[in-house]
Amino acid sequence: MKILALCGSLRSGSLNASVLRSAVGLCEPSWKLTVEPDPGRLPFFNADVEQYALPQVVAELRARVGAADGLLISTPEYAHGTSGVLKNALEWLVGGGETAGLPVALMSASPAVTGGDRAQAWLSETLTVMGADVLEDGLKIPQATRKVRDGRVVDEATLAGIRELLGRLAEVSEARRAAA
Ligand SMILES: Cc1cc2nc3c(=O)[nH]c(=O)nc-3n(C[C@H](O)[C@H](O)[C@H](O)COP(=O)(O)O)c2cc1C
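What counts, and where the lines are drawn
- Residues numbered from 1 in each chain as written.
- Predicted model: local features only at pLDDT ≥ 70, side-chain atom pairs only at ≥ 80, totals over all residues.
- Heavy atoms only, no water.
- Helix = DSSP H or I, 4+ residues; strand = E, 2+ residues; numbered from the N terminus.
- Rg over C-alpha atoms; globule rule 2.2 N^0.38 Å.
- Buried < 20%, exposed > 50% of the residue type's maximum accessible area, 1.4 Å probe, protein only.
- Contact = heavy atoms within 4.5 Å.
- Axes fitted to C-alpha atoms, helices over the stretch in contact; angles between N-to-C directions.
- Parallel < 35°, antiparallel > 145°, perpendicular 65-115°, else oblique.
- Near = heavy atom within 4 Å.
- Polar contact = N/O pair within 3.5 Å; in protein donor to acceptor, adjacent residues only side chain to side chain.
- Areas by Shrake-Rupley, 256 points an atom, 1.4 Å probe, with all protein chains shown as cover.

## Looking at the overall build of the protein chain
Logical step 1: Within the protein chain, the secondary structure is distributed over 6 helices and 8 strands.
Logical step 2: Helices and strands appear in the protein chain in the N-to-C order β-α-β-α-α-β-α-β-α-β-β-β-β-α.
Logical step 3: A globule of 180 residues ought to have a C-alpha radius of gyration of about 16 Å, and the protein chain, at 15 Å, matches this closely.
Logical step 4: Seen through its C-alpha atoms, the protein chain measures out along the principal axes to roughly 50 × 40 × 25 Å.
Logical step 5: Residues counted as buried form 49% of the 180 residues belonging to the protein chain.
Logical step 6: A separation of at least 24 residues holds for 81% of the contacts in the protein chain among residues at least 6 apart in sequence.

## Quick notes on the packing of helix α3 (residues 56–67) against helix α4 (residues 84–96)
Axes are the key here: two packed helices are described by the angle between their axes and the distance separating the axes.
Logical step 1: α4 packs onto α3 with a crossing angle of 70° between their chain directions and a minimal axis gap of 10 Å. On the basis of their axis angle, the class for α3 and α4 is roughly perpendicular. Counted together, Val 58, Leu 61, Arg 62 and Val 65 of α3 and Ala 89, Trp 92, Leu 93, Gly 95 and Gly 96 of α4 form the full contact between these two elements.

## Side note on the site of the ligand
Logical step 1: Taken together, the neighbourhood of the ligand is formed by 13 residues, with Ser 9, Arg 11, Ser 14, Glu 77 and Ser 110 sitting nearest.
Logical step 2: In this structure, an oxygen atom belonging to the ligand sits 2.8 Å away from a side-chain N or O atom of Asn 16.
Logical step 3: At 2.7 Å from an oxygen atom of the ligand is found a side-chain nitrogen or oxygen belonging to Ser 110.
Logical step 4: Burial of the ligand by the surrounding chains reaches 67%, relative to a free accessible area of 610 Å².

What follows is the structure in structure tokens.
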């Protein structure tokens, strides 16, 4: 089963990238979790470019999302929303239609006590309108600077939360694949 992971932060010391790195290590042997390389390579969405000269990086992103059984996203919260880089990637995916029916699990890590809950709610609404099957109760990781060390999650409760969310994503993704 193939799961594609998207990180909403470009920061080298990103908490959300650390969460995804840890998720890779928590996968069952039969799951293949691949983190999408640097979404900052995508140009800003432009409907003219989409119509007349789709960039190769966008076509490759669409192909990877289309080939995935499920999507795992970890987003930072910026000014109570998700990041521009992640919103931009999603805008490129609207026209491709690859997210229709696709199971998506959401995570957010923030130094704040809210754990990025507003960014997650915002993302959930966007992905739902894109036809994705957004899992209920994504994982919010509050005070994440205390739970990440050397680019990995070290907090046991958070690791358990990631494992639980991955399990649910795998279950829904497998069911979708079996029904296809
Ligand atoms: C411009 C800016 C706006 C931010 N706004 C919020 C916010 O609304 N809510 C929040 O919880 N954290 C906010 N933060 C803090 C981020 O959650 C924090 O920088 C986090 O570490 C970013 O994610 P990353 O570590 O994956 O890069 C903001 C940070 C910046 C730089």
